[in-house]
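# A closer look at the structure
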Amino acid sequence: MYLLLLVSLLGSALSVPLDIDDDVTRNVNYENYLLPGESYPTFYDVRLLLNPDVTDSFSGNVTIRIVPRRTTNQIVLQAMEMQIHTIRLTRSDSLQQNLFLNFVHERDDTHFLTINSNTPLVMGLTYIVDISYTSKFAENMFGVYISTYEEPGVGTQRLITSQLQPTFARRAFPCYDEPAYKAVFRTTIYAPPAYPVVRSNMPERTDLLKPEIPRYRKFEFQDTLMMSSYLLAYLVSKFEYVTNEASPLYNVPFRVYSRPGTQNTATFALDFGQRNMIALENYTQFTYAFPKMDKAAVPDFAAGAMENWGLVIYREVALLVRDGITTTNTKQNIGRIICHENVHMWFGNEVSPTTWTYTWLNEGFANFFENFATDLVLPEWRMMDQFVLLLQNVFQNDAVLGVNPMTHPVFTPSQIIGTFNAVAYQKSGSVIRMMQHFLTPEVFRRGLVIYLRNNSRRAVTPPDLYTALQQALNESSHSIPWPLATVLDRWTNQGGFPVLTVRRSAPGAQSIYVSQERFLTNRQLSSNYRWHVPINWVLSTNADFSNTSPQGWVPPTFPAVSFDIPGLSNADWYIINKQQTGYYRVNYDVENWQALARVLNSSHQTIHVLNRAQIVDDSFNLARNGRLNYVHAFEISRYLVQEADYIPWASANTALSYLDIVLSGSDVYDLFKTYMLQLSTPLYERLGFSSQLPEEHVTAYHRNIVLDIHCRLGNQHCVNRSQELLEQFRNDPSQRLNPDVQTTVFCSGLRGGDVNNFNFLWNQYLASTDSSEQSILLNALGCTSNAERRDFYLNQVISETSAVRDQDRHSVIVSVINSSPENMEVALDFVIEHFAAIQPRVQGLTGTTNILNAFARRLTTRQHSTKIETFISRHQSIFTAGELAAIGAIQENIAASIAWSDQNYATVSSWLNDNFRSNANALTSSLLILISLFIAVYNM
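Structure report, in brief. In this text the structure is predicted, and so the values were computed from the model without any measurement.

Reading guide: rules and limits
Residues numbered from 1 in each chain as written. Predicted model: local features only at pLDDT ≥ 70, side-chain atom pairs only at ≥ 80, totals over all residues. Heavy atoms only, no water. Helix = DSSP H or I, 4+ residues; strand = E, 2+ residues; numbered from the N terminus. Rg over C-alpha atoms; globule rule 2.2 N^0.38 Å. Buried < 20%, exposed > 50% of the residue type's maximum accessible area, 1.4 Å probe, protein only. Areas by Shrake-Rupley, 256 points an atom, 1.4 Å probe, with all protein chains shown as cover. Lys, Arg positive; Asp, Glu negative; His and termini not counted. Charge placed at Lys NZ, Arg CZ, Asp CG, Glu CD. Pairing = 2+ DSSP bridges. Axes fitted to C-alpha atoms, helices over the stretch in contact; angles between N-to-C directions. Contact = heavy atoms within 4.5 Å. 1 Å grid on protein atoms, 1.4 Å probe; cavity = no way out; pocket = protein on both sides within 12 Å on 5 of 7 lines; lining within 4 Å. Points joined across faces, edges and corners; volume = space filled by probe spheres on them. Parallel < 35°, antiparallel > 145°, perpendicular 65-115°, else oblique. Nonpolar A, V, L, I, M, F, W, Y, C, P; charged D, E, K, R; others polar. Salt bridge = Lys/Arg side-chain N within 4 Å of Asp/Glu carboxyl O. Polar contact = N/O pair within 3.5 Å; in protein donor to acceptor, adjacent residues only side chain to side chain. Core = buried A, V, L, I, M, F, W, Y, C linked by side-chain atoms within 4.5 Å. Disulfide = S-S within 2.5 Å. Expected span 1.5 Å × (residues − 1). Phe/Tyr/Trp six-rings, centres within 6.5 Å; stacked < 30°, edge-to-face > 60°. Lys NZ or Arg CZ within 6 Å of the ring centre and 35° of its normal.

## Some thoughts on the overall build of the protein
- Along the protein, the regular secondary structure elements total 26 helices and 28 strands.
- Against the globule reference of 30 Å for 940 residues, the protein gives a C-alpha radius of gyration of 28 Å, in line with a compact fold.
- Within the protein, buried positions represent 64% of all 940 residues.
- When the accessible surface of the protein is totalled, it reaches about 32400 Å², and 48% of it is carbon and sulfur.
- A gap of 3 Å separates the mean positions of the 70 positive and 85 negative side-chain charges of the protein.

## As for the sheet that holds strand β21 (residues 498-504)
- Strand order in this open sheet of 4 strands is β26-β22-β21-β28, and the pairing throughout is mixed. Only two strands of the sheet have a single partner each, and these edge strands are β26 (561-564) and β28 (585-588). Strand-to-strand twist across the sheet, computed as the mean angle between neighbouring axes with direction ignored, equals 30°.
- Two elements, β21 and strand β22 (residues 511-518), share 7 bridges in a ladder whose sense is antiparallel. Of the residues in β22, the one forming a bridge with Pro 498 is Arg 518.
- Contacts from helix α10 (residues 590-603) reach β21 and β28 within the one sheet, and its direction differs from that of β28 by about 105°.

## Structural notes on unusual backbone geometry
- Cis geometry is adopted by the peptide bond preceding Pro 166, which originates at Gln 165 and carries an omega value of 0°.
- Within the secondary structure layout, Pro 166 lies in the loop between β9 (155-163) and β10 (184-191).
- The peptide bond linking Leu 693 to Pro 694 adopts the cis configuration, its omega dihedral lying at -5°.
- By the element assignment, Pro 694 lies in the loop between α14 (669-687) and α15 (699-712).
- In this structure, His 111 is a non-glycine residue whose phi angle is positive, near 60°.
- Considering the arrangement of structural elements, one finds His 111 in the loop between β5 (100-105) and β6 (112-121).
- On the basis of relative accessible area, His 111 is assigned to the buried category, the value being 0%.

## With respect to the layout of surface pockets
- Approximately 420 Å³ is the volume found for the second largest pocket.
- Along its surface, the second largest pocket is lined by 19 residues, and Thr 326, Thr 327, Thr 328, Leu 693 and Asp 740 are the ones closest to its centre.

## Some points on the packing of α15 against helix α17 (residues 742-751)
- For the pair α15 and α17, interaxial distance at closest approach is 10 Å and the crossing angle is 10°. Here α15 lies roughly parallel to α17, going by the angle between them. From α15, Asn 704, Leu 707, Asp 708, Cys 711 and Arg 712 reach across to α17, where they touch Thr 744, Ser 748 and Arg 751.
- In terms of residue class, the contact of α15 with α17 is built from 2 nonpolar, 3 polar and 3 charged.

## Things to note about the pattern of salt bridges
- Under the defined criterion, the tally for this structure stands at 44 salt bridges.
- Between Asp 177 and Arg 170 there is a salt bridge, and its shortest N-O distance comes to 2.9 Å. Just as Asp 177 is buried, Arg 170 falls in that class too.
- With its nearest N and O atoms 3.1 Å apart, the salt bridge here joins Lys 427 to Asp 398. Of this pair, Lys 427 sits in helix α6 (residues 423-439) while Asp 398 is found in helix α4 (residues 383-398), placing the two residues 29 residues apart along the sequence. Asp 398 carries the same exposure label as Lys 427, and that label is buried.

## Re the environment of Ser 39
- Here Ser 39 is to be found in strand β1 (residues 39-49).
- For Ser 39 and Tyr 358, which are 319 residues apart along the polypeptide, the C-alpha to C-alpha distance reads 23 Å.
- Here Glu 38 takes part through its side chain, which lies 2.5 Å from a polar atom of the side chain of Ser 39.
- A distance of 2.6 Å separates the side chain of Ser 39 from the side chain of Tyr 176, its partner in a polar contact.

## Considerations on the nonpolar core
- In terms of nonpolar packing, the biggest core is built from 310 residues, with Phe 173, Tyr 234 and Phe 369 touching the most fellow members.
- Not counting chain neighbours up to four residues away, the residues in contact with Phe 173 comprise Tyr 44, Val 46, Val 62, Gln 78, Met 82, Tyr 133, Phe 185, Leu 232 and Tyr 234.

## A closer look at the sheet that holds strand β18 (residues 311-315)
- Read across the open sheet, the 5 strands follow the order β14-β15-β16-β18-β17; overall the sheet is mixed. Both outer strands of the open sheet, β14 (240-243) and β17 (305-306), are each paired with one neighbouring strand and no more.
- Here strand β15 (residues 254-258) runs beside strand β16 (residues 293-298); their pairing, made up of 4 bridges, is parallel. Its bridge partner lying in β16, Val 256 is registered against Lys 295.
- With respect to the sheet, helix α1 (residues 267-284) is in contact with β14, β15 and β16, its orientation differing from that of β15 by roughly 145°.

## Let's talk about the state of the cysteines
- Using the criterion set out here, one finds 2 disulfides in the structure.
- Taking only the cysteines that form disulfides and numbering them from first to last, the protein has the pattern 1-2, 3-4.

## Considerations on helix α18 (residues 755-767)
- Here α18 contains 13 residues, and its C-alpha end-to-end distance of 18 Å stays within 8% of the 18 Å for a straight helix at 1.5 Å per residue.
- Those residues of α18 that sit buried are Asn 757, Phe 758, Phe 760, Leu 761, Trp 762, Gln 764 and Tyr 765.
- Packing partners of the buried residues in α18 comprise α16 (716-731), α17, α19 (771-781) and α20 (787-795).
- Measuring from the backbone nitrogen of Asn 756 back to the side-chain oxygen at the start of α18 gives 2.7 Å, which picks out Asp 754 as the cap.

## With respect to the pairing of β26
- Side-chain alternation along β26 places Val 561 and Phe 563 on a buried face and Ser 562 and Asp 564 on a face that remains uncovered.
- With 4 bridges joining them, β22 and β26 adopt antiparallel strand pairing. Opposite Tyr 513, over in β26, you have Ser 562 as the bridge partner.

## Some points on empty space enclosed by the protein
- Using the criterion set out here, one finds 5 cavities of 30 Å³ or more in the structure.
- There is about 140 Å³ of room inside the second largest cavity.
- Around the second largest cavity, the lining is made up of 17 residues, and of these Leu 34, Glu 178, Trp 356, Phe 411 and Ile 416 lie nearest the centre.
- When the residues that make up the lining of the second largest cavity are grouped by side-chain class, the tally is 8 nonpolar, 5 polar and 4 charged.

## Focus: the packing of aromatic side chains
- Summed over all chains, the structure comprises 59 aromatic pairs.
- Taking the centre distance of 5.7 Å and the plane angle of 70° together, the rings of Tyr 44 and Phe 173 count as edge-to-face. One end of the pair, Tyr 44, is in strand β1; the other, Phe 173, is in the loop between β9 and β10, and 129 residues separate them in sequence.
- Relative accessible area serves as the criterion here: at 0%, Phe 173 is assigned to the buried category.
- An angle of 80° between the planes, with centres 5.5 Å apart, marks the rings of Phe 729 and Phe 760 as edge-to-face. Taken as a pair, Phe 729 in helix α16 and Phe 760 in helix α18 lie far apart in primary sequence, 31 residues in all.
- Residue classification places Phe 729 among the buried residues on the basis of a relative accessible area of 3%.
- Here a set of aromatic residues connected by ring pairs shows up, and it is made of Tyr 283, Phe 347, Phe 365, Phe 368, Phe 369, Phe 372, Phe 387, Phe 444 and Tyr 451.
- The ring of Tyr 283 has Arg 445 lying over it, and the distance from NZ or CZ to the ring centre is 4.9 Å.
- A cation over a ring is seen here: Arg 789 above Phe 792, with NZ or CZ 4.3 Å from the ring centre.

## Brief notes about the environment of Ile 535
- Tracing the backbone through its elements, the reader meets Ile 535 in strand β23 (residues 533-535).
- In this structure the C-alpha to C-alpha distance between Ile 535 and Pro 550, which are 15 residues apart in sequence, comes to 5.2 Å.

In structure tokens:
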């Protein structure tokens, strides 16, 4: 499952408010939520009557072949939001004798359906359970549910689809709804003839077995392979498709289903999806097991996509590419998401975790390979360079004391949903990337080949992974100082990550001392966690960053360890952690920071681009954390005026954005803005608003950073040009802007408070049927400074007549939060006042936590702390576990920011005044001259 995490993920497990009648948590030991394991299924025969025109419920029947593990009088399944009509229990060799006595269906969130027999069920024999029932369509997109869309000239159309991961197969039919309980599934769907496109995991079968039902068409599907219940999927629709069957790149039938009239937008998914599957098969040396691959784009979908085996369901914006409308960022995300779901065909589908405690075994590998395997197909996208930015981003999430570890015991449905968070995805992917490098890529790949082959169609725990990787390591010439399980145990079972403090033993010494401790944003907190940390180094005398295997290890048991480095005494500078492959920060002695600043400002390309990004990110975050004087971070940042590569600038933009927030409204904010404009003016001149084809894929991202800085911080040329472009678009909407600059242009036009600009863009949103275009507009509309229009926009989140889909409503609040300090304050008051109404109306998987995470990045003052206390006191009775974790992170970050002001403001203010106060006018004049030259060139 791919989560569309739209903002920086700061300090929380994600959770969902399960909007169901029986969501009452048992006051018992959490382990009692697990199935007791008295029996297991081997085969399901599921029959569903699915009619999109009947919108409240559907009827079904399931026959389950089960085997008791011990002699028992009970069978315990899970069933949710359904009415049980009949149950029949027989021995497979005696179908006439009904052994059913009675049943108990729990109304709490265990969802247990206990079937009692009138005679003991004998261990090892096979029994047949047959259940007929009526189930409710899910209203929160978890389970089987109805989605709608508008078809031009026709009106509203309905379809039925599903999202069964992680605990919602039990809403489709009674089952053993835990990933360890694998079985074979046979599916039959009855649907009205008006809905002719009906799909499930397998192709339709030719040997029809089931009876007809009047006024319904019957779709019987072939039996699946052994698989977990959460991987089933259903689609009942009027969709159309594109296919590879006429000219296949990939040797499996591959289709992309979507709304009628959108088939031309599925070309990228069809082409890239096939090439990516070929790359993954080659890498894993394991053939995709199912006889088809369908991908379907549905209008309403809680996650970004879901890896149902043979029928992958996507949100439209995560699958369809429309030339001239889809941004570079959205297209890249589509490629990443397609790859993510393809990876799950192996990591998750072939090999599943025994429980959701080990979600990272699915999502961590999917997160790593969504970058690595996209890079195999589209290396020009630089996905593995961009991975460093994901790693740096999740550092922010992982630097709070209460963050959960990768292996995180979960039992209740809410806890299980909560484990699908930044730790399971981005952190786990980053730790896996580190593992690839400290094992070497060759050993890593060989270990995964062994892992998949040895565990196919099985449910596993982390030791099964470690055993396979250890086997590959043992068979190689490479070695590490400890068993792999020993190393990974701390990385997977402890939250957080280390910061290494590195010092030369003496000015002329040939060795360094390295110590470690847990990095926490709030240094008033502490933790005794330590890790086995792989390290490597580069010296100025031999700046070779290519070999990323470890040259040493920092153990978890010593306060400091010494490493001999021949030639260190002759080196002006040294760098630890080549290409930032290790999941940790590095803090050097002051002399080395100063040397790094000198080399960056004189010849920055001497240092690998990923280490340039690392140095910028580490220095500013160490300074923010009080471990490094801000003077050194600022001196390093001076080199950015020469930096032409996107990756270091993206790191700098994130790091400097924090200063933008905490300095806003201060006496030195104008000086800070001047500094930012000075650093980025050469790029503003070079990149401008228009793409210069051909240009590098990531240049679109770089351009957005620079335009945002200049339009937001007061470059009048940028503001004027944005206004001109918006005016041109208003005068002739058929002449579309470059989609990559639309958000910046629209935001700049809205910041002035022009009601007409807001109304025009809102009407564009209402008229659009393209999910990518809608996303651009939703993210821009929050920039309005008009109070009445802003209130109107925020109220779209809770209005019963809102034109915004549930899955997109959190974007409204997030866009207001991120647009300006003033709008953020308004959004905070709105959320405090209306959270009880917001919670059930936003997309359930990450909606409220995306909102709270946006606040975590921007709330910095004692006044904000007081407002959060009010927020807690008003709504604490309805917070989910994930929301409470996010609020805890907000409080930690506010406390750290208050401490920042006390400890760092004077240093930052002094540096800005010393460097810019005396020549601020000269700098401003220089900027104006440069911008005037740019205008002249632009108008030629």
